[in-house]
Amino acid sequence: MRKNTINGFRLLPVAAAIMLAYGQAYAEEDTELYDLITPASSIKVGVGVINNARDAKRFSQYTGLNKSASVLLDVDYNRRDPLTGFWTQFSARNLGLDTRQFTFSQSRQGDWKYAFDYNEIVRRDPYIIHTGMTGIGSATPIINLIALPPGAGAANGVVSGSALQGTDVELKIKRTAVGLSGEKWITPELQFELSFRSEDKKGARLFGRAGLGSTDMQYRPATSGATSFAVLLTPEPINSNTKLIEGKLNFLRDNLALSAGYFGSFYTNSFGSMSPFLSGNIMNRGALSPATGAGATLSSSVKQLAESSVALPPDNQAHQFYLTGNYAHSDTTRSNFKLAYTHATQNELFAAMGLTRSAFAPTSLGGVVDTTLAQYDLSMRPMKELSVNANFRYEDRADKTPIFVYNTNGIVGNALNNTTNWPSGSQTRTSAKLDGVYRFASGYSLAMGGDWERKVTPLPPSNTALFANQVLFRPVLTEYGIHADARKAMSETVNGAVGFEYKQRRGGNGDWVTTNGVTTANPLTSNTLVFFNPAGALGNRVLPIMYMDRDRTKLRGNLDWQASEKASFQVVAEHTKDNYRRDFSAALLAAQLMPTVPGANTIVSDSVSLDGTYLISDDWRVSGFWTYSYNRWNVNKASLGDDTRNTDNTIGLTVNGNLTGSLAVGADLLTTRDVTTFNNVVATAVGGNIAGFAGQPLPGNYLPAIHYTTSKFNVHGKYEVNKQSAVTMNFVYQTFRTDDWQWGYNGTPFLYTDNTTVSQPMSQSLKYVAVNYEHKF
Amino acid sequence: MKLLTKIFVSCAALGALMSAPAASAADLGNRNMGREIAKMYLASAAPAAQAGEAGKADAKDIVLRGDAKCTACHDDADSPQLLSIGKTRHGVNADGRTPGCTSCHGDSVAHTGHKGSSKPPKPDRVFGKNTATPAAERNQACLSCHAGDSKRHLWAGSAHEARDVACTSCHQVHTAHDKVRDKQTQPEVCFSCHKEQRAQVNKPSHHPVLEGKVSCSDCHNVHGSAGPKLMKRDSVVETCYTCHMEKRGPFVHNHRPVSDDCSNCHMPHGTTADNLLKARPPLVCYQCHSGHGTPGVAGIAPAITTSAKANTFIEQGRGCLNCHTEIHGSNNPDGGQKLLPPAFFLR
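Residues numbered from 1 in each chain as written. Chains lettered and ligands numbered in written order. Predicted model: local features only at pLDDT ≥ 70, side-chain atom pairs only at ≥ 80, totals over all residues. Heavy atoms only, no water.

Novice: Help me understand the overall build of chain A, please; the structure alone is not making it clear to me.
Specialist: Along its length, chain A carries five helices and 44 strands. Burial statistics for chain A: of 777 residues in total, 51% are counted as buried. In chain A, the share of contacts with a sequence separation of at least 24, taken over all contacts with a separation of at least 6, comes to 66%. When the accessible area of chain A is evaluated, it comes to approximately 33200 Å², of which 58% is carbon and sulfur surface. (Helix = DSSP H or I, 4+ residues; strand = E, 2+ residues; numbered from the N terminus. Buried < 20%, exposed > 50% of the residue type's maximum accessible area, 1.4 Å probe, protein only. Contact = heavy atoms within 4.5 Å. Areas by Shrake-Rupley, 256 points an atom, 1.4 Å probe, with all protein chains shown as cover.)

This is the structure in structure tokens:
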């Protein structure tokens, strides 16, 4: 499309003629201007050294810096032909690490472009697994009992382990992606864009499985009839590929811009299932239950269960066709829209996945989810001071997966028997919003608006008895919201805004229903005491938070103050509170199990940030920030008040300056203190099970607080040897400390049945030094 | 690796083929020769562009078409940083669509015609931090060319547009290195407003944002989208699936919150709990499963106490996920086993 012309002249002949005529004169021009206006290239090569690579798990989780010494190599190559607008670019980073990435592209600007990119990243799990398992990363890991670790003694129901000593295993996942993209202007009004990305993902991640020996899922094995119970850490093997391909045709004429496209996404997994093998008699336990103290040998049936296949993620794919665009009705009125249709399927053969199916189940799920989306947006500025925006959005997701009987365990009265799958992905969401902003001459502006959303969820099939009477939901949910913001802008000293938002979510006419389609009483107002009583016949109900009535209040404000030419400050604060409405009676409160009524109560999120910058001189600048965040999670469940609070304080300080004309230095400090407290209230302690965390009072804080403290101190400098080359140095000192009891508490490890344990260095620190030489050309 | 090699070689070959005419010009000699050609190109553009510029007849364009009107004063001695626009795609005169100074800053007659020693009035449109030019007017300067870009089709009415965020609030035009377009430096631009996210990405469980491997724009289209919260795809789940497609299903046994919204359980910007969970299991599970799993009461939870052979709770290890490992959905069709039912996401 593009002609290499300026003002009607072909450039190459013009250039040649001028070069012949004036070449000598231009050769005498200084090169500074050229360097100022011409794309530059550079290569940076160096080495990075870490003093404690092995234990610095958190530092090396994503950085690729997990060796004592690493080669650092970055390349940035840019060439442009000014006569034709032809670009060649190559950008590479971390070539010496396993986080390497590069992009190569060529283009004739305004005409065509293509690019190729490659990207690697390895995620190293920060935990160390001590296990006797072999075959990790395969579909058939072999479980071997190992010796007991310190701290897991007979008092914990364990008689002995094996003579086999375990080894330390570290899991990792490597993603390798290649991408290819291109675009071409076919005519001045028509452009074609194409992009393709393929990513391989290989490795293993924390996973597990349970083996039960009870007569039914709903009873724990420690009760009579149990023979044994197993909890195993079986890392999920990963060898999968994700492909994304998108092609679109863009049309642009006068006031109209359109884009019609296809977006396809494909997932394939080399592993269909995983079947661990339990080697030897790993379940020979001396104390199956603290209550009975009886020992038991793993029964063959339980062994068979523990070795049964675990389904891994199936292949799936989706195809989307869409049309987006905008139209300028006038200089002050514009419409934009999107229409899209997506057809997603999942039909991998169960047999190919290594899975057996029930007698009535098909050979594959035959899953189909079709999604239709329509969005329209109208923006107007009827007068200079006023802008109005109206939006309408409709999304219908139809889960058309066929229904078959999958659960055929044959036990009369069992809730699972002869029940079907539940294609639960269907939902229709319709929303609209209207916003207006009025800008006063003084620089103040006032924004107000409202929004509405309606979610409709179809009932599940009548014979999805699996969750009958247990899972509640609402077929219709409606949410209204209003918001207002007052802003002060266009001031050279003080700018700011305060805002308020309120949203109200309520159920519709059908109100609460069980998943077998039975309309039920509002669980929050019912006087039926069996409701949520775990000992009752209708106990164990699931009350999804996403269907509960909710009042959301949000307050926010920010202030940007240019105190002087040298100093500026910024304050940002936000408060959000979700209040899940409860209209229960006083009688119900008194009669219900502790702590009264189950379900979400309140969720609060607060944050405050202070930023400041001060210019000490033309050469020196200091800046800093403090961010405080607080999240409270208050959910009641039967016999437990879950009141979890997380407080986080992050402080950052930065100093940058020039020591001399050729030496720039700087330092950064970033420190975070994160505390989670569990102000949970437990009604009763039963069977001594809660004594695990010794010293924690009951009722009260039965879970100890968790602290995370991380700090990073960085000093860096850059010495410019000359205009083309520089030497940079970077020193990092990083620490990480925690008392997280997730994998062990007070010397007692969380112990898998084969005596596998998981841990992390609770205190980590490292020093990292990198020296680079940079050359520009 | 073979595929990679093939693609790379193909790209290089294609590039060499397509770039042949231009390369011949660029390869006429060394860097000096390239410089000469640049100047010749500018020289060829300057006279015509300046034809209508009364009063600055002697000035020549330095970077952009018609920039002599501005660079007569704002030259490499006065404002060298402004000339760096020549390094960018805006500075490619061979592309007839590229702007001149006045395309963005306006004709600014009062500014350019100012005489005397007093401070001249500002140009028609100023893009600095404390500018008095309204955001909509600043943005119009960019949108006059970029409104047709397919990624910006839904800008009008988007969250950033409605909040008077200007293009230049994030983008730097007069530099070769626009921070927000570089994956490694983009977050610091976004964090200048989104302070809470700046703290969250420092938490123990986080996407590799600070490590430069995931950027904000990998998930968000800040120029407007059909999804909530400016998600790049049409919904939260569709955006997450582009990298975590194994969670998409549909499965034989689906966990309803998964297809509804990943953020029902996850906080994507960073958390203390593993796997970006809002809270560690079982606490995150209790938000819906409030009727069972009670510590100390006959139910499912205390079983872990004995089975795992330590005096531990369901709160330890992977919590509920110790057994319910297939929490995003199970495609296991096995209905023959009375125990370990896949419908409970156990296998």
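Novice: Looking at this structure, how should I read the overall build of chain B?
Specialist: The helix and strand inventory of chain B stands at 16 helices and zero strands. Contacts in chain B between residues at least 24 apart in sequence constitute 41% of all its contacts with a sequence separation of at least 6.

Novice: Explanation requested: the sheet that holds strand β43 (residues 757–759) of chain A in the structure shown.
Specialist: Residue and element names in this part refer to chain A. Pairing in this open sheet of three strands is antiparallel, and the strands run β10-β8-β43 from one edge to the other. In this open sheet, the two edge strands, each paired with only one partner strand, are β10 (167–169) and β43. Neighbour to neighbour, the strand axes of the sheet diverge by 30° on average, direction disregarded. Across three bridges, the pairing between strand β8 (residues 128–131) and β43 is antiparallel. (Pairing = 2+ DSSP bridges. Axes fitted to C-alpha atoms, helices over the stretch in contact; angles between N-to-C directions.)

Novice: Can you help me understand the side chain of Asn 714 of chain A in this one?
Specialist: Residue and element names in this part refer to chain A. The topology assignment puts Asn 714 in strand β39 (residues 703–720). The class of Asn 714 is buried, set by a relative accessible area of 13%. Not counting residues up to four positions away in its chain, the partners in contact with Asn 714 are Gly 666, Ala 667, Asp 668, Asn 730, Phe 731 and Val 732.

Novice: Just to check I follow, could you spell out the packing of aromatic side chains for this structure?
Specialist: All names here are of chain A. In total, this model carries 17 aromatic pairs over all chains according to the counting rule given. Taking the centre distance of 6.3 Å and the plane angle of 35° together, the rings of Tyr 77 and Phe 777 count as tilted. A residue pair is termed long-range when its members are at least 10 positions apart, and Tyr 77 in strand β4 (residues 69–81) and Phe 777 in the segment after β44 (763–776) qualify at 700 residues. With a relative accessible area of 29%, Tyr 77 lands in the partly exposed category. Here Phe 102 and Phe 116 contribute two aromatic rings whose centre-to-centre distance is 6.0 Å and whose plane-to-plane angle is 50°, an arrangement assigned as tilted. Here the residue Phe 102 occupies a position in strand β6 (residues 101–108), and Phe 116 occupies one in strand β7 (residues 112–124), the gap between them amounting to 14 residues. Per residue, the accessibility class of Phe 102 equals that of Phe 116, and both read buried. An aromatic cluster is present here, built from Phe 86, Phe 104, Trp 112 and Tyr 114 joined pairwise through their rings. (Phe/Tyr/Trp six-rings, centres within 6.5 Å; stacked < 30°, edge-to-face > 60°.)

Novice: I'm lost on the state of the cysteines in this one. Help?
Specialist: By definition, a disulfide links two cysteine residues through a covalent bond between their sulfur atoms. Residues and elements named next belong to chain B. As enumerated under the stated definition, the model contains zero disulfides over all chains in all. Free cysteine Cys 167: the closest other cysteine sulfur is in Cys 142, separated by 3.8 Å. The thiol sulfur of Cys 320 is not disulfide-bonded, and the nearest other cysteine sulfur, from Cys 285, lies at 3.7 Å. Note on Cys 320: relative accessible area 16%, which makes it buried. (Disulfide = S-S within 2.5 Å.)

Novice: Even after reading the chapter, I still don't get the side chain of Arg 125 of chain B, so can you show me in this structure?
Specialist: All names here are of chain B. With respect to the helices, strands and loops of the structure, Arg 125 is situated in the loop between α7 (109–112) and α8 (135–146). Here Arg 125 occupies a buried position and makes no salt bridge, while the nearest side chain of opposite charge, Glu 137, is found at 4.5 Å. Here the side chain of Arg 125 touches Ser 103 through a polar contact of 3.3 Å, landing on its backbone oxygen. Within the structure, Arg 125 has its side chain in polar contact with the backbone oxygen of Cys 104 (distance 2.6 Å). Excluding its chain neighbours within four sequence positions, the residues that come into contact with Arg 125 are Thr 102, Ser 103, Cys 104, His 105, Gly 106, Thr 133, Glu 137 and Ala 141. (Lys, Arg positive; Asp, Glu negative; His and termini not counted. Salt bridge = Lys/Arg side-chain N within 4 Å of Asp/Glu carboxyl O. Polar contact = N/O pair within 3.5 Å; in protein donor to acceptor, adjacent residues only side chain to side chain.)

Novice: I would appreciate a short explanation of α8 of chain B in the present structure.
Specialist: Two residues of an α-helix separated by three or four positions point the same way, owing to the 3.6 residues in each turn. Here α8 of chain B contains twelve residues, and its C-alpha end-to-end distance of 16 Å stays within 8% of the 16 Å for a straight helix at 1.5 Å per residue. Turning to α8 of chain B, its buried residues are Ala 135, Arg 138, Asn 139, Ala 141, Cys 142 and Leu 143 of chain B. (Expected span 1.5 Å × (residues − 1).)

Novice: Sorry, what's going on with the confidence of the model for chain B here?
Specialist: Low pLDDT marks regions whose predicted coordinates should not be analysed in detail. All names here are of chain B. Of all residues in chain B, 75% have pLDDT values of 70 or greater, and the mean over the chain is 79. Confidence, expressed as mean pLDDT per element, reaches its minimum in chain B at helix α16 (residues 303–307) with 35 and its maximum at helix α13 (residues 236–241) with 96. Across residues 43–55 the pLDDT falls below 50, and counting only partners more than four positions away or on other chains, this stretch makes 19 contacts in the model. Between residues 294–312, whose pLDDT stays under 50, and residues either more than four places distant or in other chains, the model counts 64 contacts. (pLDDT = per-residue confidence, 0-100.)

Novice: Even after reading the chapter, I still don't get the pairing of β6 of chain A, so can you show me in this structure?
Specialist: A regular strand carries its side chains on alternate faces of the sheet. All names here are of chain A. Along β6, seven of the eight residues are buried, which leaves the element largely enclosed by surrounding structure. Sheet analysis places strand β5 (residues 86–93) next to β6, joined by eight bridges and oriented antiparallel. The residue bridging Trp 87 from the neighbouring strand is Ser 107, located in β6. Pairing of β6 with β7 involves eight bridges; the strand directions are antiparallel. Bridge pairing in β7 places Phe 104 opposite Phe 116. Hairpin remark: β6 followed by β7, antiparallel, with three residues in the connecting loop; positive phi at Gly 110, about 85°.

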